[in-house]
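Observations on the model geometry
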Amino acid sequence: MAAEMAAASVAAADRRVPVSVLTGFLGAGKTTLLNWLLAQPEAAGAAVLINEFGEVGVDHLLVEKVDDNVVLLDSGCVCCSVQGDLVKALKGLFMRALRGEIPPLRRVLIETTGLADPAPVIHTLLEEPFIAERYRCDGVLTAVDATHGLEQLGSQREVLRQAAMADRLLLTKCDLADEHGRAALAQRLSELNPGAGQIEVRGGVPASGVAALFDCGLYDPGGKVADVAQWLGEERLRTQAQAAAAAPMAWRRGAAPRRPAGTPQRHDEGIESYLLCFDEPVQWFGFADALGLILQVYGERILRVKGLINVAGDPLPRVVQCVHHVAYPPSSLPAWPQRPPCNDRRSRLVFIVRELPRSEVDTIFASLGGLTPLAA
Ligand SMILES: Nc1nc2c(ncn2[C@@H]2O[C@H](COP(=O)(O)OP(=O)(O)OP(=O)(O)O)[C@@H](O)[C@H]2O)c(=O)[nH]1
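Residues numbered from 1 in each chain as written. Predicted model: local features only at pLDDT ≥ 70, side-chain atom pairs only at ≥ 80, totals over all residues.

Some remarks on the nonpolar core
Ranked by internal contacts, the top residues of the largest apolar core, which has 87 residues, are Val21, Val108, Ile122, Val144 and Phe351. The leading source of residues in this core is strand S5 (residues 135-145), at six residues. Two domains each donate at least three residues to this core, and these are domain 1 (2-232) and domain 2 (271-375). Discounting chain neighbours no more than four positions away, the residues touching Val144 are Gly24, Ala28, Gly149, Ala163, Leu169, Leu170, Leu171, Thr172, Leu185 and Leu189. (Core = buried A, V, L, I, M, F, W, Y, C linked by C-beta atoms within 7 Å. Buried ≥ 20, exposed ≤ 12 C-beta atoms within 10 Å, placed from the backbone. Helix = DSSP H or I, 4+ residues; strand = E, 2+ residues; numbered from the N terminus. Domains from an automatic or database assignment. Contact = placed C-beta atoms within 7 Å.)

So, in C-alpha cells, the structure goes:
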C-alpha cells in the first residue's frame, strides 16, 4: 500500500500526459467499460484511441461520446503497426493540442484490439523518444471475461499476456458468471499476476469506481512475473532490428535480423475475420434464427461477431454482439452513421473466427434466413 501511494505521488509530480491502456480479449467488455469511463467526470478531457481487428471498425460507432478527441487506429492491429499508427496518432494529438486545435490533453485512453499483444504498446510508451518525453504509461487495464476468461487463458496466448502485463485486472460480466466460475478465474489470475488489483465489473461498471483505474503509478515490469520484462526486452530487440533494416545499406553491416530469434509471432495464424454485407433491409426473425443456429453449431470457433443491421421497419441501426455461443441483447444506435462506409445503410456483420470457413456461415444465412450475404 505504501509503495502504491509512493508510486502514485511520483506519477502526480510527472508533467507528462498519462496514458491508460485498456486491453482484453475479443468481446471481453472493453468498449462497454470505456463508455462508462468516458461518462465519469475524472475522464473529462481524455483523448481516446480505438483500434479494432476486422475489416470494418464498429467499436468507434459504439463509443457514445464521439468527438474530435476520438481517433480510430484503422491500419491493422496496433501491436503490429505500433510504429506507424500509434506513434503517429500520439504525435498528432500532441501537436493538435499544442496548436490549440483541440483542448489541452489531460489523459489518453487507448483501447487495443482484442487480439493485441500489449508489449509493443507499452514498449512504445516507455521508450519511443518523442512519445516517452511527452506521455507516461499510467496503467495497463486488462478486461477478462468472467464467463469465458478461464477457458481463454488456456487457449489464447494473447489473453495470458494481457493478464500478465496488467496493473489492474477487470473481471467483466460478473453479473453473468456464477460464484464458482468467478472464484476459479480470480485464483488463476492471481497466480499469473499476483501484483495486479482485481476489480469486479457488473454490467460494464467496475465495483471500484474510477479511482482504482487511474494513477496506477509508473509502469513497472519489475513488479510482475519475469516473463513481462522478457517480452519488453524482445520488443526492444525487434524495434532495433526494424530501425537497422530501415537504415541505409552501409549502416546495416552486422545488424540484427528483421525478426530476432525468439521473438513471438504476433497473431495466431488460425484466426481470420470476414465481413458479411446484406444490401436489403433484413427480416429480424429470420436473421436472428440463422445467427442463433450459427452460434449454436459453431460457437467454439466463433471468437466474436459484431455489426450494424438494417432491420426492415426499423429506422435505427441495430447493434448485434456475440461471443462464442452467446448473443448479447441487441441495442440500437441513435442514428445511422453519417460517414462511410456505414452511411450506405447496408447491414454489416464482422465475424472473427478460428477455422470456420465463410461458406458455412453463408449457407445457414441463405437457407434459414433467406439472406444472401455479399462480400464487402
Ligand atoms: N451483462 C454484461 N454484459 C457485458 C458486460 N460487459 C460487456 N458486456 C456485453 O458484452 C458484449 C461485448 O462487449 P464489448 O464492450 O463490445 O467488448 P469488447 O471487448 O470491446 O469487444 P471487442 O472490441 O470486439 O474485442 C456487448 O454486448 C456488451 O453489452 C458486463 O459486465 N455485463
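Things to note about the sheet that holds strand S3 (residues 70-73)
With mixed pairing, eight strands are arranged side by side in an open sheet as S3-S2-S4-S1-S5-S6-S7-S8. Looking at strand neighbours, the two that pair on one side only are S3 and strand S8 (205-206), the edges of this open sheet. Of the pairings in the sheet, the one linking strand S1 (residues 17-24) to S5 comprises eight bridges and is parallel in character. Within S5, the residue paired with Leu22 across the bridge is Leu141. The strands touched by helix H5 (residues 118-127) are S1, strand S4 (107-111) and S5; relative to S5, the strand with the most contacts, the crossing angle is about 165°. Helix H8 (residues 157-164) contacts S1, S5 and strand S6 (168-172) of the sheet and is inclined by roughly 130° relative to S5. (Pairing = 2+ DSSP bridges. Axes fitted to C-alpha atoms, helices over the stretch in contact; angles between N-to-C directions.)

Structural notes on the UniProt feature "domain: CobW C-terminal" (unreviewed entry) in the chain
Listed under "domain: CobW C-terminal" (unreviewed entry) in the UniProt record, and renumbered for this structure, are residues 271-369. Taken end to end, residues 271-369 is 27% helix and 34% strand, and its first and last C-alpha atoms sit 26 Å apart. (UniProt positions renumbered as here; feature names shortened; annotations may be inferred.)

As for the site of the ligand
Around the ligand, the structure places 23 residues, and the nearest of them are Gly29, Thr31, Thr32, Gly114 and Tyr328. Secondary structure elements with two or more residues in the shell around the ligand: helix H2 (30-38), strand S7 (197-202) and strand S10 (302-309). Broken down by element, the shell around the ligand gets its largest block of residues, three residues, from H2. Split into classes, the residues belonging to the shell around the ligand amount to six nonpolar, 10 polar and seven charged. Each of domain 1 (2-232) and domain 2 (271-375) accounts for three or more of the residues forming the shell around the ligand. (Near = placed C-beta within 6 Å. Nonpolar A, V, L, I, M, F, W, Y, C, P; charged D, E, K, R; others polar.)

Thoughts on the environment of Pro103
Position of Pro103 among the secondary structure elements: in the loop between helix H4 (82-98) and S4. Using a count of 13 C-beta atoms within 10 Å as the deciding quantity, one classes Pro103 as partly exposed. Between the C-alpha atoms of Pro103 and Asn69, which are 34 residues apart in sequence, the distance is 8.9 Å.

Quick look at the environment of Gly84
Of note, Gly84 is situated in helix H4. Gly84 sits 33 residues away from Asp117 along the chain, and the two C-alpha atoms are 16 Å apart.

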